[in-house]
Amino acid sequence: MDSNKDNQSAETSPEKATSAAGPNYFLLFLQLLVSPNSGWRRIKGVKADPARFATNIFYRLLALMAIARFCVLIPKPDTSVALILQHAVIAFVSFFGSYFGSYALCCAVLPPVARDKMRTPYGKVLVAAGFSVLALGYTLSLIAPHLKALLWLGALYSLYIICRGVKFLHVPHSDSVATCTVICAFNIIMPAAIGWLLSSLMPAV
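Residues numbered from 1 in each chain as written. Predicted model: local features only at pLDDT ≥ 70, side-chain atom pairs only at ≥ 80, totals over all residues. Heavy atoms only, no water.

A.B. asks: Any chance you could explain the packing of aromatic side chains here in plain terms?
C.D. replies: In this description, a pair of aromatic rings is defined by centroid distance and the angle of the planes. Tallied over the entire structure, the rule returns 13 aromatic pairs. When the centroid spacing of 5.0 Å and the interplanar angle of 45° are considered together, the rings of F58 and Y99 count as tilted. Of the two residues, F58 sits in helix α4 (residues 50-68) while Y99 sits in helix α5 (residues 81-109), which places them 41 residues apart along the sequence. Both rings, one in Y138 and one in W152, keep their centres 5.9 Å apart while their planes meet at 90°; by these two values the pair is edge-to-face. Highlighted residues: Y138 in helix α7 (residues 121-143) and W152 in helix α8 (residues 148-164), separated in sequence by 14 residues. One aromatic cluster is present, built from ring pairs that chain together F58, Y59, F92, F95, F96, Y99, F100, F131, Y138 and W152. (Phe/Tyr/Trp six-rings, centres within 6.5 Å; stacked < 30°, edge-to-face > 60°. Helix = DSSP H or I, 4+ residues; strand = E, 2+ residues; numbered from the N terminus.)

A.B. asks: What is the right way to look at the pattern of salt bridges in this model?
C.D. replies: One side chain can pair with another of opposite charge once the charged atoms of both are near each other. For the structure shown, the criterion picks out 1 salt bridge. For R119, the salt bridge goes to D116, with nearest N and O atoms at 3.3 Å. Exposure remark for R119: the relative accessible area of 47% places this residue in the partly exposed category. (Salt bridge = Lys/Arg side-chain N within 4 Å of Asp/Glu carboxyl O. Buried < 20%, exposed > 50% of the residue type's maximum accessible area, 1.4 Å probe, protein only.)

A.B. asks: Explain the packing of helix α2 (residues 25-34) against helix α3 (residues 36-46) here, please?
C.D. replies: Each packed pair of helices is defined by two parameters, the angle between the axes and the distance between the axes. For the pair α2 and α3, the least separation of the axes is 6 Å and the interaxial angle reads 150°. Between α2 and α3, the interaxial angle falls into the category roughly antiparallel. Where α2 crosses over α3, the handedness of that crossing is left-handed. When α2 is examined against α3, the residues L28, Q31, L32, L33 and V34 are found in contact with a partner set consisting of P36, S38, G39, W40, R42, I43 and V46. Of the residues assigned to the contact of α2 with α3, the class counts are 8 nonpolar, 3 polar and 1 charged. (Axes fitted to C-alpha atoms, helices over the stretch in contact; angles between N-to-C directions. Parallel < 35°, antiparallel > 145°, perpendicular 65-115°, else oblique. Left-handed = near helix turned anticlockwise from the far one by under 90°. Contact = heavy atoms within 4.5 Å. Nonpolar A, V, L, I, M, F, W, Y, C, P; charged D, E, K, R; others polar.)

A.B. asks: For this particular structure, what's the right way to read a nonpolar patch on the surface?
C.D. replies: A surface patch of nonpolar side chains, about 400 Å² in accessible area, is lined by V89, F92, V93, F96 and F100. Here F92 lies in helix α5. Its relative accessible area of 33% is what places F92 among the partly exposed residues. (Patch = residues over 30% accessible without salt bridge, like charges linked within 9 Å, V, L, I, M, F, W, Y side chains within 5 Å. Areas by Shrake-Rupley, 256 points an atom, 1.4 Å probe, with all protein chains shown as cover.)

A.B. asks: Just checking my understanding: could you explain the packing of α2 against α7 for this structure?
C.D. replies: Where α2 meets α7, the closest approach of the two axes is 11 Å, and the angle between their N-to-C directions is 80°. Taken together, the axes of α2 and α7 lie roughly perpendicular to each other. Of the residues in α7, those touching α2 at F29, L32 and L33 are A129, S132, V133 and L136. For the contact of α2 with α7, the per-class residue count stands at 6 nonpolar, 1 polar and no charged.

A.B. asks: Honestly, the nonpolar core in this entry has me stumped. Any pointers?
C.D. replies: Proteins that are soluble and globular tend to have nonpolar side chains buried together. Of all hydrophobic cores here, the largest spans 45 residues; its most connected members are W40, I43, F53, F95 and M118. Of all the secondary structure elements, the ones that give two or more residues to this core are α2, α3, α4, α5, α6 (112-118), α7, α8 and α9 (173-201). It is α7 that contributes the most residues to this core, 12 residues altogether. (Core = buried A, V, L, I, M, F, W, Y, C linked by side-chain atoms within 4.5 Å.)

A.B. asks: Looking at this structure, how should I read α4?
C.D. replies: The α-helix advances 3.6 residues per turn, and as a result positions three or four apart in sequence lie on the same side. Here α4 is 19 residues long and its end C-alpha atoms lie 25 Å apart, about the 27 Å a rise of 1.5 Å per residue gives. In the structure, α4 departs most strongly from a straight axis at N56, where the bend amounts to approximately 25°. All buried positions along α4 are accounted for by P50, F53, A54, I57, F58, L61, L62, M65, A66 and A68. Those residues of α4 that are buried lie in contact with α2, α5 and α7. (Expected span 1.5 Å × (residues − 1). Bend = angle between axes of the 7 residues up to and from the residue.)

A.B. asks: Just checking my understanding: could you explain the side chain of S132 for this structure?
C.D. replies: In this fold, S132 is placed in helix α7. A distance of 2.7 Å separates a polar side-chain atom of S132 from the backbone oxygen of A128. Once residues lying within four places of it in the same chain are set aside, the contact partners of S132 are F29, F53, I57, F58 and L61. (Polar contact = N/O pair within 3.5 Å; in protein donor to acceptor, adjacent residues only side chain to side chain.)

Function cannot be read off these values alone, since they describe shape.
Rendered as structure tokens:
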């Protein structure tokens, strides 16, 4: 009897350890990019924590985006390091601030049903995933500037299909297009607006 219990506990312990460790957020994000519908089902199934999603995906992509700014030294080695650092700070702050600002605005101006859905953990994951996609597109455009237009087009399309693939964001059919449009617009416009404002306030270097 005791040996059977020991064997059962040994068999279940890896599962418990995996559950305690939580889901692999990188794989969740990758699945969301490849197949948004199944990705959102997976996110809902594992009850992904929005704070951990942002920490493991969004914040790391922001750091990578800032570092990627130094890729300009490859084609233009005489570029001022101070200028690169300034642009890196502007990009980082623009995306970081927009992440919180966009979520607050979505909770304020979306149609009532969508507004309530956005206040759930899945709504927070949606905003983090959207900005993660844009940060990834921005980073890749810095690494491969000759493909900038194509990469940004792919990032914008990915943002759209991720938003459209949110099955838990059930809203009336009449509000679905407006909801998706507003979320995507905030994700795109806010970083650009904050970046423009910071650029105008920063001293010339």
